[in-house]
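# Notes for the structure review
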Amino acid sequence: MTSRNNGISIKTHLLSKTFGPVHAVRNVDLEVASGSRFGFLGPNGAGKTTTVRMLSGLMKPTSGTAEVLGMDILSQASDVRKSTGLLPESPGLYSKLSATEFLEFIGTLNSLKGEVLHKRIDRLLSLLGLEGRQDDLLETYSSGMKQKVLVASALLHEPRVVFLDEPTSRLDPSAGALVKDLIHALAEEMETTFFICTHQTSFAEDVCDIVGIINDGALVVVGSPAEIVTSTGVDDLEDAYLQIIGGKIDRTSLLSWR
Ligand SMILES: Nc1ncnc2c1ncn2[C@@H]1O[C@H](COP(=O)(O)OP(=O)(O)O)[C@@H](O)[C@H]1O
Ligand SMILES: [Mg+2]
């Protein structure tokens, strides 16, 4: 076991980002254990994407610090970018390429080539269950299959930390389930830390071992789904989430609109 950084892959201290008057991320203190599946749960506009952009070395914080795999996100931003993988919120994909060609292209951008690259592509395609379709153009793929290829492209250079920003939000339920299963399988297979942004409590519950809830830029609670449910004294993670983000919905009154 590598116990570099005492088993912590991501550590932030008072991490903050403002855009003019908007406080997108406020004084976030967070530790994510190596090898965990961390769910970053919060409503639209909570600050999830901004946090991920800072942690993957793409955007500088306004104040505060963070280390990813022991590297400072400000002074070692390019090393952070090389050692992490990112599936952005709205990724682009070249639909006139096959899955293999697309992954070869992404591999080349990450300085991978030859046998190493092709072995990784073959292994990921088989993990993804895409063997047999790998030479078909991506434009013929379903949305779930495309998303799988994009997840593969974020993992191709074998990053030890991978950020997935809303990996199932744009998918229909069956494609979402496919991608959920894939993340499960990959997390079992690889010694990778998964940092997954979502606004879906069911996703966090099914896929993540630890969840952090962010609301209006502030990290409100961190714990296992069961711990969060217990500490809020409600029945399930969805109710806990609604209570925490202050949007408690009275379903009885919603149903008695007449
Ligand atoms: N580049 C930007 N310029 C100005 N405001 C931004 C920018 N990016 C994000 N914001 C604002 O920061 C807040 C957090 O956004 P974001 O991190 O995208 O939230 P989430 O991913 O949780 O939906 C929102 O109010 C958003 O409008
Ligand atoms: Mg977002």
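Relevant structure appears above.
Here's what I pulled together on the structure shown here.

Within the element layout of this structure, M59 appears in the loop between α1 (48-55) and β4 (63-68). For the pair M59 and I73, spaced 14 residues apart in the sequence, the C-alpha separation amounts to 8.9 Å. Not counting chain neighbours up to four residues away, the residues in contact with M59 comprise K17, F19, T50, R53 and M54.

Take the coordination of the magnesium ion (ligand 2) next. Donor atoms from the polypeptide that coordinate the magnesium ion (ligand 2) comprise T49 (OG1) and E89 (OE), at 2.0 to 2.6 Å from the metal. Placement of the pair is T49 in helix α1 and E89 in the loop between β6 (84-87) and α3 (99-109), with a sequence separation of 40 residues.

Here strand β1 (residues 8-19) runs beside β4; their pairing, made up of 5 bridges, is antiparallel. Counterpart to T12 in the pairing with β4 is A66. Alignment of β4 against strand β5 (residues 71-72), held across 2 bridges, turns out to be antiparallel. Bridging across to β5, E67 finds its partner in D72.

This brings us to helix α8 (residues 225-232). Along α8, the residues classified as buried are P225, I228, V229 and T232. For α8, the angular spread of buried residues about the axis comes to 100°, placing them on one side. Of the residues in α8, the exposed ones pointing more than 90 degrees away from the buried face are A226, E227, T230 and S231. Positive backbone phi, approximately 65°, marks G233, located one or two places after α8.

Turning to the site of ligand 1, a few remarks are in order. The local shell around ligand 1 consists of F19, V22, A24, P43, N44, G45, A46, G47, K48, T49 and T50. Note that an oxygen atom of ligand 1 is positioned 2.8 Å from one of the side-chain N or O atoms of T49. In isolation ligand 1 exposes 560 Å². Once the protein is present, 63% of that is buried. Sorting elements by how many residues they give to the shell around ligand 1 places α1 first, with 3 residues. Considered class by class, the residues forming the shell around ligand 1 number 5 nonpolar, 5 polar and 1 charged.

Further remarks concern the layout of surface pockets. Size it by volume and the largest pocket reaches roughly 540 Å³. As for the largest pocket, its lining consists of 20 residues, and the residues nearest its centre are L86, I106, N110, S153 and H157. Elements with a contribution of two residues or more to the lining of the largest pocket: α2 (77-83), β6, α3 and α5 (143-155). Tallying contributions element by element places β6 first for the lining of the largest pocket, with 4 residues.

Conventions we followed
Residues numbered from 1 in each chain as written. Chains lettered and ligands numbered in written order. Predicted model: local features only at pLDDT ≥ 70, side-chain atom pairs only at ≥ 80, totals over all residues. Heavy atoms only, no water. Helix = DSSP H or I, 4+ residues; strand = E, 2+ residues; numbered from the N terminus. Contact = heavy atoms within 4.5 Å. Donors = N, O, S within 2.8 Å, 3.2 Å for Na, K, Ca; no water. Pairing = 2+ DSSP bridges. Buried < 20%, exposed > 50% of the residue type's maximum accessible area, 1.4 Å probe, protein only. Arc of directions from axis to C-beta. Near = heavy atom within 4 Å. Polar contact = N/O pair within 3.5 Å; in protein donor to acceptor, adjacent residues only side chain to side chain. Areas by Shrake-Rupley, 256 points an atom, 1.4 Å probe, with all protein chains shown as cover. Nonpolar A, V, L, I, M, F, W, Y, C, P; charged D, E, K, R; others polar. 1 Å grid on protein atoms, 1.4 Å probe; cavity = no way out; pocket = protein on both sides within 12 Å on 5 of 7 lines; lining within 4 Å. Points joined across faces, edges and corners; volume = space filled by probe spheres on them.

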